[in-house]
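Residues per chain, in single letters:
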Amino acid sequence: MRIARIAHNEGLAFAAFEGGQPDGTGATCREISGVPFGKIELTNKSWPIEDVRLLAPILPSKIVAVGRNYADHVQEVFKKGAEHLPPTIFLKPPTAVVGPDAPIRIPEWATNVEFEGELAIVIGRPCKDVKRDDWKSVVMGFTIVNDVSSRDLQFADGQWARAKGLDSFCPLGPFIETNVDSIEIDNLPIKAHLTHEGETQTKQDSNSNQMIKSIPEIVAWVSSAFTLMPGDVICTGSPAGTAEMVPGDTIEIEIPGLGRLSNPVQAYEQ
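Residues numbered from 1 in each chain as written. Predicted model: local features only at pLDDT ≥ 70, side-chain atom pairs only at ≥ 80, totals over all residues. Heavy atoms only, no water.

Observations regarding the sheet that holds strand β9 (residues 104-106)
Part 1 of the reasoning: Spatially, the five strands line up as an open sheet ordered β9-β19-β18-β15-β16, and their pairing is mixed. Edge positions in the sheet fall to β9 and β16 (199-207), since each of these pairs with one other strand and no more. Direction aside, neighbouring strands of the sheet carry axes that sit 20° apart on average.
Part 2 of the reasoning: Across five bridges, strand β15 (residues 189-196) lies against strand β18 (residues 250-255) in antiparallel orientation. Within β18, the position partnered with leucine 194 by the bridge is isoleucine 251. (Pairing = 2+ DSSP bridges. Helix = DSSP H or I, 4+ residues; strand = E, 2+ residues; numbered from the N terminus. Axes fitted to C-alpha atoms, helices over the stretch in contact; angles between N-to-C directions.)

A short note on the UniProt feature "domain: Rv2993c-like N-terminal" (unreviewed entry) in the chain
Part 1 of the reasoning: UniProt's feature table lists "domain: Rv2993c-like N-terminal" (unreviewed entry) at residues 1-57, given in the numbering used throughout.
Part 2 of the reasoning: With 0% helix and 53% strand, residues 1-57 has end C-alpha atoms that lie 13 Å from one another. (UniProt positions renumbered as here; feature names shortened; annotations may be inferred.)

Thoughts on the domain arrangement of the chain
Part 1 of the reasoning: What the domain assignment reports for the chain is domain 1 (2-55) and domain 2 (63-268).
Part 2 of the reasoning: Using C-alpha coordinates to define each centre, domain 1 is positioned 24 Å away from domain 2.
Part 3 of the reasoning: On the side of domain 2, 13 residues touch domain 1, which itself brings 11 residues to the contact.
Part 4 of the reasoning: Overall, the association of domain 1 and domain 2 removes approximately 890 Å² of surface from exposure, summing both partners, and the carbon and sulfur fraction of that is 69%.
Part 5 of the reasoning: Three residues, Arg2, Ile3 and Phe37, lead the burial of domain 1 against domain 2; their summed loss comes to 52% of the area buried on that side.
Part 6 of the reasoning: Linking domain 1 with domain 2 are zero salt bridges, by the criterion used here.
Part 7 of the reasoning: Here domain 1 and domain 2 share one residue pair in polar contact (both at pLDDT 80 or more) between them.
Part 8 of the reasoning: Elements that contribute at least two residues to the side of domain 1 that touches domain 2 include exactly β1 (2-8) and β5 (53-55).
Part 9 of the reasoning: Sorting elements by how many residues they give to the side of domain 1 that touches domain 2 places β1 first, with three residues. (Domains from an automatic or database assignment. Contact = heavy atoms within 4.5 Å. Buried area = accessible area lost by both parts, 1.4 Å probe. Salt bridge = Lys/Arg side-chain N within 4 Å of Asp/Glu carboxyl O. Polar contact = N/O pair within 3.5 Å; in protein donor to acceptor, adjacent residues only side chain to side chain.)

This is the structure in structure tokens:
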């Protein structure tokens, strides 16, 4: 099932996509009663996807991100081999979350801001100390995340909270795919397309098979540190190919089975 969060002419709702293309185009959005955890019940209300606005598909209590999980990206950003800089965990605040087509707003003091297209895990039930073989029992599904990062702040601060946690620095969406077996997690293409001055270039073109820590390992590792709650998001790390984006650009992250997450880039104005 593909689950989204939508704004429609009567308010806000979680909804299930029915029909349409794999990326959601042409789908009907069928309202979900309440929240999409546990047994999902659908109401009789529905809207064509063209008549609604897609929001971030979930509002997490926390976003737990895995950094340095692709060796080529470690070399690209840190100029050192992954054997010297193993994967690490950091947090992004819930206030960083925005949905599809919402602008990424960059303050003038957050310089050298880059996109990071990633696969994201959405947690479906409270859990702690999950065993690797049990990871599916706690996962609601997968979505796309853009782990936006100000490289200058990242290296100036020495820790990553400000560089990666600014408002709008965590686009999510466009939907959550709850059929976890339909996503080939060990062989999943991940692409990012940057449009700058009218020209679109594919910057990231990698695959989840390059991850240092696998999805089961990530769920076990993260849950050993934090109690995870329904709706929490785990970002699984960025492959190489990240690049600077500036106001006026558009960044689109593409992962098969999860659609495309597109966001314009704007200057932040108080």
